[in-house]
Amino acid sequence: MKVALHGLALKAEYFQHVQILFDELSNYNFEIFVTEQFDRQLRMHGNKALLYWVIESEVDMGMMDFMISIGGDGTLLDAVCQVGSLEIPILGLNTGRLGFLATVATADISTAINQLANENFQIENRSLISLQSHRRLFNGLNFALNEFTIHKRDTSSMITVHTYIDDKYLNSYWADGLIVSTPTGSTGYSLSCGGPLISPEAKNLVITPVSPHNLNVRPIIVSDDSEISFEIEGRSEKFLISLDSRSTSISSEVKLSVKKESFQAKLIKLPHYHYFDTLRQKLNWGFDMRN
């Protein structure tokens, strides 16, 4: 089987785990490929003894059976962009901090590769959000696993985001910004702005205002069959929009709408893992110093 490895900015102390990962993959006769970004990381840290091929095209990527993301949740989000509509299953090896998506600890590398080799896992299908516009944005990578965000730029003044669902007027949000989140993204930026937690298999999108002027404006959950469109007003001529960690500046005349993407992200779920376990562990539910 062919496996692709992807990493962005690993610290030097984590390359001992990378060596273990290569050794385990070799023990199970995986053909090891790396993305160009991870190849640069390996060469920068002087790892010349590792044997692998570099993925240089979408055709190369299309031959992969799996991808392993090495880093935090941000690296896994970037791995989703690398895979795109190919829907290659992704396993997240966590060398970051929180790890809602990258759930495999470095201490569990050997067990994880054994389960991968023996196909002892399940695939979680995670919905993506797609950005539609009359202009080409984000170099055509117009989808995200977590969220789409509209935000004010270079000014302390709030912006107004007129929001429509299936062409029906919903609200004019006077705020620092607006988030449209997938169920996966409900544990991200949306959560920090007061949005609800949503189970990954739910077929919903969440609209969450960022620091709204009116405190009675609350997040709202809508069907992911909806198309959500926007008109932006503000004192500034430019605004920021983002898809996960990728952002760009636009002017108010750019027409924007979002809806569910036609393809999905496929995340590898190993045995004995459950989303609720991750919530309890990462959010410290039930943790009390008195106990």
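Small disclaimer: the values here were computed from a predicted structure and weren't measured.

So, the pairing of strand β16 (residues 238-243)
Part 1 of the reasoning: By the bridge criterion, four bridges tie strand β9 (residues 147-151) to β16 in an arrangement that is antiparallel. Note on β16: the bridge partner recorded for F148 is L243.
Part 2 of the reasoning: Here six bridges tie β16 to strand β17 (residues 246-251), and the two strands are oriented antiparallel to one another. The partner of L240 across the bridge, within β17, is S249.
Part 3 of the reasoning: The loop that links β16 with its antiparallel partner β17 comprises two residues; one of these, D244, has a positive phi angle of about 55°.

Things to note about unusual backbone geometry
Part 1 of the reasoning: The backbone phi angle of F138 is positive, close to 55°, even though this residue is not glycine.
Part 2 of the reasoning: The residue F138 is located in the loop between β7 (122-133) and β8 (143-144) in this model.
Part 3 of the reasoning: Classification of F138 as buried rests on a relative accessible area of 11%.

Concerning helix α5 (residues 109-117)
Part 1 of the reasoning: All of the buried residues in α5 are I109, A112, I113, Q115 and L116. For α5, the angular spread of buried residues about the axis comes to 160°, placing them on one side.
Part 2 of the reasoning: In the core, the buried residues of α5 are packed alongside α1 (15-27), β4 (66-71), β5 (90-94), β6 (104-105) and β18 (256-269).
Part 3 of the reasoning: Downstream of α5 by a residue or two, E119 has a phi angle that is positive, lying close to 55°.

Here's the deal with the UniProt feature "binding site: NAD(+)" (unreviewed entry) in the protein
Part 1 of the reasoning: What UniProt calls "binding site: NAD(+)" (unreviewed entry) maps, in this numbering, to D73, G74, N146, E147, D176, T187, G188, Y189, S190, L191 and S192. Spatially, the listed residues are scattered: they cover 120 residues, and their C-alpha atoms lie as much as 24.8 Å apart.
Part 2 of the reasoning: Positionally, D73 belongs in helix α4 (residues 73-83).
Part 3 of the reasoning: Residue classification places D73 among the buried positions, given a relative accessible area of 19%.

Conventions and cut-offs
- Residues numbered from 1 in each chain as written.
- Predicted model: local features only at pLDDT ≥ 70, side-chain atom pairs only at ≥ 80, totals over all residues.
- Heavy atoms only, no water.
- Pairing = 2+ DSSP bridges.
- Helix = DSSP H or I, 4+ residues; strand = E, 2+ residues; numbered from the N terminus.
- Buried < 20%, exposed > 50% of the residue type's maximum accessible area, 1.4 Å probe, protein only.
- Arc of directions from axis to C-beta.
- Contact = heavy atoms within 4.5 Å.
- UniProt positions renumbered as here; feature names shortened; annotations may be inferred.

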